[in-house]
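Given next are the chains, with one letter for each unit.
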Amino acid sequence: MEIRRARSVAELAAAEGLFDGPARQEWSERFLARTGHLMLIAYVDGVPAGMVSGVEMTHPDKGTEMCLYELSVDEGYRRRGIGRALTRALVDEAKARGCYGMWVGVDTDNEEALATYDSAGAEDEGLFSMRGWNLGVE
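Residues numbered from 1 in each chain as written. Predicted model: local features only at pLDDT ≥ 70, side-chain atom pairs only at ≥ 80, totals over all residues. Heavy atoms only, no water.

**Observations concerning the layout of surface pockets**
Approximately 1900 Å³ is the volume found for the largest pocket. Residue lining of the largest pocket: 47 residues in total, with M51, S53, Y69, E70 and L71 positioned closest to the centre. When residues of the lining of the largest pocket are traced back to their parent elements, those giving at least two are α2 (25–33), β2 (37–44), β3 (47–59), β4 (63–73), α3 (82–96) and α4 (111–119). Per-element tally for the lining of the largest pocket: the top contributor is β4, with seven residues. Broken down by class, the residue content of the lining of the largest pocket amounts to 24 nonpolar, 12 polar and 11 charged. The computed volume of the second largest pocket comes to approximately 900 Å³. In terms of lining, the second largest pocket is formed by 27 residues, of which the most central are V104, A122, E123, D124 and E125. (1 Å grid on protein atoms, 1.4 Å probe; cavity = no way out; pocket = protein on both sides within 12 Å on 5 of 7 lines; lining within 4 Å. Points joined across faces, edges and corners; volume = space filled by probe spheres on them. Helix = DSSP H or I, 4+ residues; strand = E, 2+ residues; numbered from the N terminus. Nonpolar A, V, L, I, M, F, W, Y, C, P; charged D, E, K, R; others polar.)

Below is the structure:
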């Protein structure tokens with residue numbers, strides 16, 4: 001397995017099977033143009049097997065932290081340590097960028113994700129409640 005940072009729209013399009021939907025050109029270009037956005041793709045024999053995306057967030061009184069935005073491993077490649085390796089690679093990248101911490105929001109009943117994050121060194125920080133606004137923008 002090899003983990004590489006995605007740097008082109010073509011790389012994102014080739015990995016779109018790992019996403020919830022198709023990789024749109026405009027959104028892919030926007031994602032790649034932002035210095036605080038990062039996508040790492042795991043390749044097995046040249047095939048995209050998993051991906052993790054991260055977004056840096058900076059606040060004037062806290063500094064910069066990394067949000068693990070999404071992690072996905074193709075079903076045929078699961079239970080091989082790819083999710084853990086991708087998560088650890090994002091942790092390493094966050095450290096290299098000077099982030100003071102990294103976090104992820106995860107459903108409390110998503111046992112596979114919780115096990116992956118725990119195996120990659122994450123700690124349970126307690127209850128988490130998430131509220132959202134659907135802005136109807138596509």
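**What to know about the nonpolar core**
Core analysis: the biggest nonpolar cluster contains 18 residues, and L40, V52, M66, Y77, I82, L86 and L90 have the highest contact counts within it. Sorting the residues of this core by element identifies β2, β3, β4, α3 and α4 as the ones contributing at least two each. Ranked by residue count, the leading element in this core is α3, at five residues. Within the second largest apolar cluster, nine residues are counted, among which are F31, I41, Y43 and M51. (Core = buried A, V, L, I, M, F, W, Y, C linked by side-chain atoms within 4.5 Å. Buried < 20%, exposed > 50% of the residue type's maximum accessible area, 1.4 Å probe, protein only.)

**Here we look at the pattern of salt bridges**
Throughout the structure, instances matching the rule amount to four salt bridges. K62 is the partner of D61 in a salt bridge, and the nearest nitrogen-oxygen pair spans 3.1 Å. Here E93 and R97 are joined by a salt bridge, their closest N and O atoms 2.8 Å apart. You can call R97 partly exposed: its relative accessible area is 24%. Each of the salt bridges in this network shares a partner with another, and the network as a whole consists of E56, E93 and R97. (Salt bridge = Lys/Arg side-chain N within 4 Å of Asp/Glu carboxyl O.)

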